[in-house]
Amino acid sequence: MTQIWLTAALGLLPPMFIALWAAGHGTLAHRLVAVELASSFAVLLLIALSFAFDQASSIDLALTLALLTLPGTLLLAVFAERWL
Amino acid sequence: MSAITGIVLGLGVLAAWLGALAFVRLATALERLHAVTFVNVAAGAAIVLAALLTDGVSSRSLKCLLLLVVTLPVGALLTHVTGRALHTRSGEWR
């Protein structure tokens, strides 16, 4: 079963790299959306890796990242709206 | 059960690829927000379903379910805030 999850984690890497590449190129608006997409992929990747390596406790990393994404992206959006 | 898990997981990865390709294909930032929402909902739901099929009811799979329950409203909120910020920046809404 872990092989399937490892394959899925490897399959999630190219979309993650596309989002990371987009986060470094283009206008501020495009970069902001790309960061949002990259954080979504990162959460999915951490879930897949938790099952791939059979480490039940590492699912907390995905949960923590999902909870920290809210204030992080919110701050970026407010900065983009008002000051940048 | 393993085959069903593999199919659901494959659908999740496919949704992630589709979201990434849509992200590249769409032109404006506001359009690209749709790709982010698609990844959050489709890929997130499929991968969490695969997690439930793999583990059954366990603390890990319940945390995955909690993750989905958190991600859906938070993703909607972030998409709204980002869209509003981009719209305001473009000068059409001041």
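The preceding data block contains the structure.
Residues numbered from 1 in each chain as written. Chains lettered and ligands numbered in written order. Predicted model: local features only at pLDDT ≥ 70, side-chain atom pairs only at ≥ 80, totals over all residues.

This part is about the overall build of chain B. Scanning chain B from N- to C-terminus turns up three helices and zero strands. For chain B, the N- to C-terminal ordering of α and β elements is α-α-α. For 94 residues, the compact-globule estimate of 2.2 N^0.38 gives 12 Å, and chain B exceeds it by more than 25% at 16 Å. Projected onto the principal axes, the alpha-carbon positions of chain B cover approximately 55 × 25 × 10 Å. Per-residue burial for chain B yields a buried fraction of 41% across its 94 residues. Long-range pairs, those at least 24 residues apart, make up 63% of the contacts in chain B between residues at least 6 apart in sequence. (Helix = DSSP H or I, 4+ residues; strand = E, 2+ residues; numbered from the N terminus. Rg over C-alpha atoms; globule rule 2.2 N^0.38 Å. Buried ≥ 20, exposed ≤ 12 C-beta atoms within 10 Å, placed from the backbone. Contact = placed C-beta atoms within 7 Å.)

This part covers the interface of chain A and chain B. If you look at the interface, chain A gives 34 residues, while chain B gives 38 residues. For the side of chain A that touches chain B, the secondary structure elements donating two or more residues are α1 (2-23), α2 (28-52) and α3 (59-82) of chain A. Its residues assigned to classes, the side of chain A that touches chain B shows 28 nonpolar, four polar and two charged. (Nonpolar A, V, L, I, M, F, W, Y, C, P; charged D, E, K, R; others polar.)

This next bit is on the packing of α2 of chain A against helix α2 (residues 29-55) of chain B. Orientation of α2 of chain A relative to α2 of chain B, taken along the N-to-C sense of each, is 5°, at an axis distance of 10 Å. When the interaxial angle is binned, α2 of chain A and α2 of chain B end up roughly parallel. Of the residues in α2 of chain B, those touching α2 of chain A at A29, H30, V33, E36, L37, S40, F41, L44, I47, A48 and F51 of chain A are A29, R32, L33, A35, V36, V39, N40, A43, G44, I47, A51 and T54 of chain B. Its residues assigned to classes, the contact of α2 of chain A with α2 of chain B shows 16 nonpolar, five polar and two charged. (Axes fitted to C-alpha atoms, helices over the stretch in contact; angles between N-to-C directions. Parallel < 35°, antiparallel > 145°, perpendicular 65-115°, else oblique.)

In this section: unusual backbone geometry. Residue and element names in this part refer to chain A. Of note, the phi angle at D54 is positive, near 55°, even though the residue is not glycine. Tracing the chain through its elements places D54 in the loop between α2 and α3. Overall, the presence of 11 C-beta atoms within 10 Å leaves D54 in the exposed class.

With that out of the way, let us pick up helix α1 (residues 2-25) of chain B. For α1 of chain B, which comprises 24 residues, the first-to-last C-alpha distance of 34 Å matches the rise-based estimate of 34 Å (1.5 Å per residue) to within 8%. Within the span of α1 of chain B, buried status applies to T5, V8, L9, G12, V13, A15, A16, G19, A20 and F23 of chain B. Where α1 of chain B is buried, its residues touch α1 and α2 of chain A together with α2 of chain B. (Expected span 1.5 Å × (residues − 1).)

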